[in-house]
Amino acid sequence: MAKRASIMKIVTCIAPVNIAIIKYWGKSNEELIIPINDSLSGTLSTAFVQWCKGSSENGSDSIAKQIAPASHWPEMRVLILVVNDSRKKYSSTEGMKRSVETSELLKYRSQEIVPKRIELVTKAIQEKDFETFAQVTMQDSNQFHAVCLDTFPPCVYMNDTSHAIAETVHAYNDYKSSNKVAYTFDAGPNACLYILESEVQEFISVIDYIFPPCNDSVKYLRGIPLTTKPISESLKVSLNIKQHEVGSIKFIIYTKIGNGPEILNQAEDHLLNSAGVPKNL
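Residues numbered from 1 in each chain as written. Predicted model: local features only at pLDDT ≥ 70, side-chain atom pairs only at ≥ 80, totals over all residues. Heavy atoms only, no water.

- The name given to the protein in an unreviewed UniProt entry is Diphosphomevalonate decarboxylase, with Rhamnusium bicolor as the source organism.
- As recorded by UniProt, the Function (unreviewed entry) comment attached to the protein reads in full: "Catalyzes the ATP dependent decarboxylation of (R)-5-diphosphomevalonate to form isopentenyl diphosphate (IPP). Functions in the mevalonate (MVA) pathway leading to isopentenyl diphosphate (IPP), a key precursor for the biosynthesis of isoprenoids and sterol synthesis."
- The Sequence similarities (unreviewed entry) comment attached to the protein in UniProt states, word for word, "Belongs to the diphosphomevalonate decarboxylase family." (UniProt positions renumbered as here; feature names shortened; annotations may be inferred.)

Shown next, in the form of structure tokens:
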């Protein structure tokens, strides 16, 4: 008696890197992974997506929803400044749990501050108001790290170079008399900078001056091709920031807001062959 052959369906998905603008830190339910507050983020290369914490105990209404499509703000760009790519001292899971248990600031932040900031940033994105977007993004990053310091024992994620990058952003914004660049730091020292395309070339020249790169420029600046130029003398004087040692920033990724998770339908995109075995083994 002939056996019926089983049919295997191969599905391949991609999920690009996601950078939080308004951050969640801690879970109200560890098992169901329900966040303690809403968060809002951008997917690299569907703008700035909102994860709603929900109110149901079973987590059924803890869902993500799109705030705006990737095409909504085409001028938006992202610079990721990689300061340190080694394993961090405190894992995010460990840090979140400790903060929920010990930080009074986290309780106030999740209940009082985050809901207001979600509204402000959502409105700023919809209206393409970079000034407000940048300010709230930086304030939320700063408060997140304040929560980490309010945790006991504290979790320290930013280092001296991280703080110097934040200082540089503020100095540049002061020079421009408006917010042209916004930093955000997750649970680590690396900086994610939101910036409009028109400002990228000049600001990269500022970064190159204050944080001189190593000679290997091919590996240093990655992502969207970009032509750099030296910083102007007037900008050097206005910034008044000391230069840091060569190689403080390991490399920079220049990218933009892009599409969210997708299902790939072409056979050549699959990581498995028709037998379900990984290709190229």
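**Quick notes on the nonpolar core**
1) Next: Among the nonpolar cores identified, the biggest contains 56 residues, and Phe48, Phe133, Leu193, Tyr194 and Phe203 are the most heavily contacted of them.
2) Next: Within the second largest apolar cluster, eleven residues are counted, among which are Trp25, Met96, Cys148 and Tyr157. (Core = buried A, V, L, I, M, F, W, Y, C linked by side-chain atoms within 4.5 Å. Buried < 20%, exposed > 50% of the residue type's maximum accessible area, 1.4 Å probe, protein only.)

**Some points on the pairing of strand β8 (residues 76–82)**
1) Next: In terms of burial, β8 is largely enclosed, as seven of its seven residues are buried.
2) Next: The two faces of β8 match: Met76, Val78, Ile80 and Val82 on one face and Arg77, Leu79 and Leu81 on the other face are all buried.
3) Next: Direction of pairing for β8 relative to strand β12 (residues 251–256): antiparallel, over a ladder of six bridges. Along β12, the bridge assignment pairs arginine 77 with lysine 256. (Helix = DSSP H or I, 4+ residues; strand = E, 2+ residues; numbered from the N terminus. Pairing = 2+ DSSP bridges.)

**Remarks on the environment of glycine 42**
1) Next: One can find glycine 42 in strand β5 (residues 39–43).
2) Next: The class for glycine 42 is buried, based on a relative accessible area of 0%.
3) Next: Between the C-alpha atom of glycine 42 and that of isoleucine 22, which follows or precedes it by 20 residues, the distance is 10.0 Å.
4) Next: Once you skip the residues sitting within four places of it in the chain, glycine 42 turns out to touch Val17, Asn18, Ile19, Ile21, Phe48, Tyr194 and Ile257. (Contact = heavy atoms within 4.5 Å.)

**Thoughts on the packing of helix α2 (residues 104–126) against helix α3 (residues 130–150)**
1) Next: Running from N to C, α2 and α3 cross one another at 165°; their axes reach a closest spacing of 10 Å. Here α2 lies roughly antiparallel to α3, going by the angle between them. The way α2 lies across α3 gives a crossing that is left-handed. Contacts between α2 and α3 involve Glu104, Leu105, Leu106, Arg109, Ile113, Arg117, Leu120, Val121, Ala124 and Ile125 from the first element and Thr132, Phe133, Val136, Gln139, Asp140, Gln143, Ala146, Val147 and Asp150 from the second. (Axes fitted to C-alpha atoms, helices over the stretch in contact; angles between N-to-C directions. Parallel < 35°, antiparallel > 145°, perpendicular 65-115°, else oblique. Left-handed = near helix turned anticlockwise from the far one by under 90°.)

**Concerning the sheet that holds β12**
Picture the strands of a sheet paired through backbone hydrogen bonds; they go either parallel or antiparallel.
1) Next: Ordered by their spatial adjacency, five strands build an open sheet running β9-β10-β8-β12-β11, and the pairing between neighbours is mixed. Strands at the two margins of the open sheet, each flanked by one partner only, are β9 (181–185) and β11 (221–223). Taking the axes of each pair of neighbouring strands and ignoring which way they run, one obtains an average angle of 25° across the sheet.
2) Next: Sheet analysis places β8 next to strand β10 (residues 191–196), joined by six bridges and oriented antiparallel. Paired with leucine 79 across the bridge in β10 is leucine 193.
3) Next: Sitting on the sheet, helix α4 (residues 160–176) touches β8, β9 and β10, and the angle it makes with β9 is about 160°.
4) Next: Running at roughly 135° to β10, helix α5 (residues 197–210) makes contact with β8, β9, β10 and β12 of the sheet.

**A closer look at the packing of aromatic side chains**
1) Next: Using the criterion set out here, one finds eight aromatic pairs in the structure.
2) Next: Both rings, one in tryptophan 25 and one in phenylalanine 144, keep their centres 5.0 Å apart while their planes meet at 70°; by these two values the pair is edge-to-face. Neither residue differs from the other here; tryptophan 25 and phenylalanine 144 are each classed as buried.
3) Next: Ring geometry for tyrosine 172 versus phenylalanine 203: centroids 5.0 Å apart, planes at 65°, classification edge-to-face. Here the residue tyrosine 172 occupies a position in helix α4, and phenylalanine 203 occupies one in helix α5, the gap between them amounting to 31 residues. (Phe/Tyr/Trp six-rings, centres within 6.5 Å; stacked < 30°, edge-to-face > 60°.)

**A few points about the pattern of salt bridges**
1) Next: Counting across every chain of the model gives ten salt bridges.
2) Next: A salt bridge links glutamate 197 to arginine 77; the nearest nitrogen and oxygen atoms lie 3.5 Å apart. With glutamate 197 in helix α5 and arginine 77 in strand β8, this pair connects stretches of sequence that are 120 residues apart.
3) Next: Classification of arginine 77 as buried rests on a relative accessible area of 9%.
4) Next: Notably, a salt bridge pairs glutamate 127 with lysine 123, separated by 3.2 Å at the nearest N-O pair.
5) Next: Under the relative-accessibility criterion, glutamate 127 is labelled partly exposed at 48%.
6) Next: When salt bridges that share partners are traced, they join Arg109, Arg117 and Asp140 into one network. (Salt bridge = Lys/Arg side-chain N within 4 Å of Asp/Glu carboxyl O.)

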